[in-house]
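Okay, here's what each chain looks like letter by letter:
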Amino acid sequence: MNWTGRIVLLLAIIVSVSLFWRKFGRALRIILDSKPDADFQLRPLGPRIRKVLWEVGAQGLVIAQRPLPGLAHAVVFWGFCVFAVISLNHLAMAFGLAFLSREGFGRFYFDFVAIMAVGVAISIAGLAFRRFVIRPKWLEPLSPESGLIAFLIFALMITYLATFLVPEGSAAGWAIWWSHTIVLLAFLPLIPKTKHMHLVLSPFTVFLERDGFSKIPPLVGDEDFGLDTGKDLTRIASLQAYSCVECGRCTEHCPANSTGKVLNPKEIILGTRHYLNEFGPKSSELLLGKHLSMEAAFQCTTCGACEYQCPVGIQHLPMIVGLRRGAVNTGKWDNSHGGEMFVTLERHGNALGFAPSERQKFIEKNNLPYFDGTQEYCLWMGCLGSYDPNGRKILLAFAEVLRYLGISFGVLKQEKCSGDPVRRLGNDYLFGELAQQNLEQINESKATRSDGKKMVSICPHCVRTIGTDWKEHGADIAIEHHTELLARFRNKLPASSDGQTVVFHDACYLGRYRGIYDEPRDVISRFGKVIDPPRARERGFCCGGGGGLMFLGEETGKRVNVERAQELAATGAKVVAAACPFCNSMLRDGLAANSSTPPELLDVAQIAAAAIGKTRNQ
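Residues numbered from 1 in each chain as written. Predicted model: local features only at pLDDT ≥ 70, side-chain atom pairs only at ≥ 80, totals over all residues. Heavy atoms only, no water.

Peer 1: I'd like to hear about the overall build of the protein, residue by residue, with values.
Peer 2: For the protein, the count of helices and strands is 28 helices and eight strands. Compactness check: the protein gives a C-alpha radius of gyration of 28 Å against a globular reference of 25 Å for 618 residues, within 12% of the reference. Its C-alpha atoms give the protein principal-axis dimensions of roughly 95 × 55 × 45 Å. Within the protein, buried positions represent 56% of all 618 residues. Partitioning the intrachain contacts of the protein with sequence separation of at least 6 by distance along the chain shows that 78% fall at a separation of at least 24. Carbon and sulfur atoms make up 58% of the accessible area of the protein, which totals about 26300 Å². Looking at charge distribution, the protein has the averaged site of its 67 positive side-chain charges lying 4 Å from that of its 58 negative ones. (Helix = DSSP H or I, 4+ residues; strand = E, 2+ residues; numbered from the N terminus. Rg over C-alpha atoms; globule rule 2.2 N^0.38 Å. Buried < 20%, exposed > 50% of the residue type's maximum accessible area, 1.4 Å probe, protein only. Contact = heavy atoms within 4.5 Å. Areas by Shrake-Rupley, 256 points an atom, 1.4 Å probe, with all protein chains shown as cover. Lys, Arg positive; Asp, Glu negative; His and termini not counted. Charge placed at Lys NZ, Arg CZ, Asp CG, Glu CD.)

In structure tokens:
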């Protein structure tokens with residue numbers, strides 16, 4: 001290339017890079033100007049590196065959750081990775097600095113990239129067809145920029161492949177070279193202006209994720225009320241806001257959005273980005289307002305489907321709970337059901353409004369032993385196990401199974417709500433009060449990890465709250481779910497299968513939050529044939545009771561529990577099995593609303609206890 005051409009190319013590169021940095025640099029400054037994450041710990045590095053290699057390098061999560069489009073996306077990503085070397089060599093060649101030739105390894109690499117280019121061209125065409133012709137609703141709204149990006153990627157591949165068809169250095173060769181260069185330089189400035197910002201940011205987002213699924217960061221200092229204004233947005237929150245790829249996986253699997261609610265998890269993240277673009281991270285403008293909806297924030301069941309599905313490491317739930325915190329802790333949330341529940345918990349220590357003496361009467365009537373430090377397990381009853389009629393049945397069934405297995409246990413003399421509903425709704429003060437009062441009882445009873453003891457509960461919400469959230473208040477408690485314990489002793493349980501089909505409903509706080517999927521199924525399989533509904537395991541559909549919504553109710557769209565109950569009943573199973581008293585309560589209402597003769601609804605512990613009863617009666 002002559003000097004005139006080199007000068008033109010150099011100016012074009014400067015313009016392209018400048019336009020890229022103009023947009024990207026502003027986003028980077030916003031991220032860095034955001035509040036530091038006080039609880040962030042970079043170490044250990046090993047798990048973070050492995051996560052990046054799997055989720056970014058191998059595109060494992062992308063492919064696993066949407067196999068066909070995921071594989072197409074992976075091919076495009078891998079193609080770009082190998083194409084980066086070709087692009088650098090392409091520009092360097094104009095200045096006489098090419099480092100790859102058409103001989104030896106260079107020839108092999110050029111040919112290999114050509115094969116990848118064919119794959120990328122086919123894949124990007126397929127993805128564009130899906131987005132603009134098939135048009136899944138969760139990919140909406142359609143963006144013209146996305147179409148332009150797809151065209152440029154396709155053009156890059158075609159112009160590269162064309163170089164194999166014309167002699168190098170010929171007029172046609174130079175025309176193709178310049179066409180490829182123009183497309184390449186046009187593509188770069190578009191990256192930070194579109195959802196393709198994730199190409200740059202997502203590896204960092206995945207690497208810097210908060211450790212633990214749906215981990216709610218602690219409030220720091222007396223002036224921290226949650227996410228109230230732009231000043232409260234942290235660097236991780238801002239980084240994640242700019243990393244959204246707008247794929248809509250979170251929207252597709254959100255139970256609130258699927259049943260006609262306002263909530264769209266994707267719009268929570270994009271709304272945060274729009275807020276930052278307009279007001280910045282130092283603004284005193286309220287977050288819940290122009291770009292983010294309070295109604296949407298309080299429709300979340302905290303099931304975690306959005307966070308589990310996200311391929312670029314965005315953690316939606318800390319953001320949503322943070323917005324709730326900001327509204328509740330500053331008195332901006334006005335909800336009669338929520339306010340009534342807060343008052344009920346303050347007065348009675350349980351969300352159902354019963355006097356604590358009712359729990360004591362239940363314990364004494366059913367000869368449940370009190371924990372005195374000598375038993376193997378401290379059985380945490382929870383609000384539903386203590387006061388709700390169906391929850392009590394589950395608790396007594398589990399107690400019967402424990403006695404059959406010869407496992408000693410006892411319950412606390414006094415117990416208040418673990419604080420799960422108020423924690424997820426954002427009332428940190430009340431949550432702290434409940435946690436501390438319960439910890440006093442547990443410490444006095446010597447049921448902590450340091451005492452060499454373990455707790456067990458029929459409620460996965462309590463397990464999560466006690467085992468994880470209470471740590472902010474100094475808790476050191478080993479606690480597990482009752483299905484985990486039963487699974488370890490399943491071979492000691494009587495096998496009494498009569499061929500009955502049992503459809504199992506995965507509880508969100510047991511599955512996605514704890515990764516417990518096989519254990520309850522292993523127990524049920526001794527007593528019947530376990531089948532799954534269409535949405536099961538990691539893709540399980542919420543019962544609608546999490547995030548405090550069991551006590552708030554639903555005011556718009558179809559009820560989530562009705563949607564799930566219809567899906568479970570449609571399997572034709574005679575029994576619906578659950579492993580959470582919240583799910584049990586919500587599904588009971590949903591099944592009753594669906595049919596006058598619904599399938600029988602039982603907890604895993606009730607199924608095991610029934611089998612034990614049959615054995616004894618034989």
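Peer 1: Give me the packing of aromatic side chains: which residues, what numbers.
Peer 2: Counted under the stated rule, the structure contains 18 aromatic pairs. Look at Trp-21 and Phe-24: their rings are 5.8 Å apart centre to centre, the planes differ by 55°, and that puts the pair in the tilted class. You can see Trp-21 and its partner Phe-24 sitting in helix H1 (residues 3–33), three residues apart, about one turn around the helix. Looking at Trp-21, the relative accessible area reads 45%, which means it is partly exposed. (Phe/Tyr/Trp six-rings, centres within 6.5 Å; stacked < 30°, edge-to-face > 60°.)

Peer 1: How would you explain the side chain of Lys-261 if you had to name every residue and give the values?
Peer 2: The residue Lys-261 is located in the loop between helix H11 (255–258) and helix H12 (265–279) in this model. Of note is the side chain of Lys-261, whose polar atom sits 2.6 Å from the backbone oxygen of Lys-558. With near-sequence residues (within four places) excluded, Lys-261 lies in contact with Ala-256, Gln-299, Glu-554, Thr-556, Gly-557, Lys-558 and Val-560. (Polar contact = N/O pair within 3.5 Å; in protein donor to acceptor, adjacent residues only side chain to side chain.)

Peer 1: Break down the pairing of strand E7 (residues 575–578) for me, with residues and values.
Peer 2: Burial along E7 is two-sided: the face carrying Val-575 and Ala-577 and the face carrying Val-576 and Ala-578 are both buried. Sheet analysis places strand E5 (residues 501–504) next to E7, joined by three bridges and oriented parallel. The residue of E7 that forms the bridge with Val-503 is Val-576. The pairing of E7 with strand E8 (residues 600–603) spans four bridges and is classified as parallel. Within the sheet, the bridge partner assigned to Ala-577 lies in E8 and is Leu-602. The handedness of the E7 to E8 crossover, carried by helix H27 (residues 581–594), is right-handed. (Pairing = 2+ DSSP bridges. Right-handed = clockwise from strand over helix to strand, strands pointing away.)

Peer 1: Got a sec to walk through the sheet that holds strand E3 (residues 454–457)? Specific residues and values, please.
Peer 2: Spatial ordering of the open sheet is given by E2-E1-E3-E4, a layout of four strands whose pairing is parallel. Looking at the sheet topology across the chains shown, the edges are occupied by strand E2 (409–411) and strand E4 (479–481). Strand-to-strand twist of the sheet, defined as the mean angle between neighbouring strand axes without regard to direction, takes the value 35°. Of the pairings in the sheet, the one linking E3 to E4 comprises three bridges and is parallel in character. Note on E4: the bridge partner recorded for Met-455 is Ile-479. Along the sheet, helix H19 (residues 389–405) makes contact with strand E1 (377–380), E2 and E3, crossing E2 at roughly 155°. (Axes fitted to C-alpha atoms, helices over the stretch in contact; angles between N-to-C directions.)

Peer 1: Account for the packing of helix H4 (residues 67–94) against helix H6 (residues 144–162), naming residues and giving values.
Peer 2: It is the contact of H4 with H6, at a shortest axis distance of 13 Å, that shows an interaxial angle of 55°. What the angle tells us is that H4 and H6 run oblique. For the pair H4 and H6, the crossing hand works out as left-handed. The residues of H6 that touch H4, namely those facing Phe-80, Phe-83 and Ile-86, are Ile-153, Leu-156, Met-157 and Tyr-160. The residue makeup of the contact of H4 with H6, split by class, is seven nonpolar, no polar and no charged. (Parallel < 35°, antiparallel > 145°, perpendicular 65-115°, else oblique. Left-handed = near helix turned anticlockwise from the far one by under 90°. Nonpolar A, V, L, I, M, F, W, Y, C, P; charged D, E, K, R; others polar.)

Peer 1: Outline the nonpolar core, supporting the account with residue identities and numerical values.
Peer 2: Grouped together as the largest cluster of nonpolar side chains are 166 residues, with contacts concentrated most on Trp-470, Ile-477 and Leu-486. In terms of residue count, the dominant contributor to this core is helix H5 (residues 104–134) (ten residues). Discounting chain neighbours no more than four positions away, the residues touching Trp-470 are Trp-380, Ser-418, Phe-431, Ala-435, Asn-438, Leu-439, Ile-442, Thr-465, Ala-475 and Ile-477. In this structure, Ile-269, Leu-270, Val-312 and Ile-314 belong to the second largest nonpolar core, which totals six residues. (Core = buried A, V, L, I, M, F, W, Y, C linked by side-chain atoms within 4.5 Å.)

Peer 1: Outline the sheet that holds E7, supporting the account with residue identities and numerical values.
Peer 2: What holds strands together in a sheet is hydrogen bonding between their backbones, with the strands either parallel or antiparallel. Judged by pairing direction, the sheet is parallel, and its four strands sit side by side in the order E6-E5-E7-E8 without closing on themselves. Of all strands in the sheet, those bounded by a partner on one side alone are strand E6 (529–531) and E8. In this sheet, neighbouring strand axes are inclined to one another by 35° on average, regardless of whether the strands run parallel or antiparallel. Of the strands in this sheet, E7 and E8 touch H27, which is tilted by about 180° from E8.

Peer 1: Please provide a residue-by-residue account of unusual backbone geometry, values included.
Peer 2: In this model, Arg-43 is joined to Pro-44 through a cis peptide bond whose omega is 5°. Its location among the elements puts Pro-44 in the loop between H1 and helix H2 (45–57). In this model, Asn-367 sits at a positive phi of 55°, which is unusual for a non-glycine residue. Relative to the assigned elements, Asn-367 resides in the loop between helix H17 (356–365) and E1.

Peer 1: Give a description of the packing of helix H8 (residues 198–207) against helix H9 (residues 235–243) that names residues and reports values.
Peer 2: Helix packing geometry: the angle between the two helix axes and the distance between the axes. H9 packs onto H8 with a crossing angle of 140° between their chain directions and a minimal axis gap of 9 Å. Between H8 and H9, the interaxial angle falls into the category oblique. As for how H8 packs across H9, the hand of that crossing is left-handed. Contacts between H8 and H9 involve His-198, Leu-201, Ser-202, Phe-204 and Thr-205 on the former and, on the latter, Leu-239, Gln-240, Tyr-242 and Ser-243. When the residues that make up the contact of H8 with H9 are grouped by side-chain class, the tally is four nonpolar, five polar and no charged.

Peer 1: Please give an account of a nonpolar patch on the surface that cites residues and values.
Peer 2: Together, Ile-7, Leu-10, Leu-11 and Ile-14 make up an exposed nonpolar region whose accessible area comes to about 380 Å². Looking at where Leu-11 falls in the secondary structure, it is placed in helix H1. (Patch = residues over 30% accessible without salt bridge, like charges linked within 9 Å, V, L, I, M, F, W, Y side chains within 5 Å. Salt bridge = Lys/Arg side-chain N within 4 Å of Asp/Glu carboxyl O.)

Peer 1: Any details on helix H22 (residues 460–467)? Residues and values, ideally.
Peer 2: In an α-helix, one full turn covers 3.6 residues, which means residues spaced three or four apart are oriented alike. The buried fraction of H22 is high, at eight of eight residues. Every buried residue belonging to H22 is among Pro-460, His-461, Cys-462, Val-463, Arg-464, Thr-465, Ile-466 and Gly-467, and all of these are buried.

Peer 1: Residue-level account of helix H16 (residues 336–348), with values.
Peer 2: The first and last C-alpha atoms of H16 sit 18 Å apart over 13 residues, in line with the 18 Å expected at 1.5 Å per residue. Against helix H15 (316–329), helix H20 (420–425), helix H21 (428–445) and helix H25 (549–552) lie the buried residues of H16. A distance of 3.0 Å separates the backbone nitrogen of His-337 from a side-chain oxygen at the start of H16, and that oxygen is part of Asn-335. After H16 finishes, the residue Gly-349 shows a positive phi value of roughly 80°. (Expected span 1.5 Å × (residues − 1).)

Peer 1: Let's hear about the pattern of salt bridges: which residues, and what values?
Peer 2: Opposite charge on two side chains permits them to pair, given that their charged atoms come into close proximity. Using the criterion set out here, one finds 26 salt bridges in the structure. Among the salt bridges present, the one from Arg-66 reaches Glu-252, with a minimum N-O distance of 2.8 Å. Here Glu-252 lies in helix H10 (residues 249–253) and Arg-66 lies in the loop between helix H3 (60–65) and H4, a separation of 186 residues in the sequence. We note a salt bridge from Asp-532 to Arg-521, for which the minimum N-O separation is 3.0 Å. Separated by eleven residues along the polypeptide, Asp-532 in the loop between E6 and H25 and Arg-521 in helix H24 (residues 518–524) bring together distant segments of the chain. We classify Asp-532 as partly exposed; its relative accessible area is 35%.

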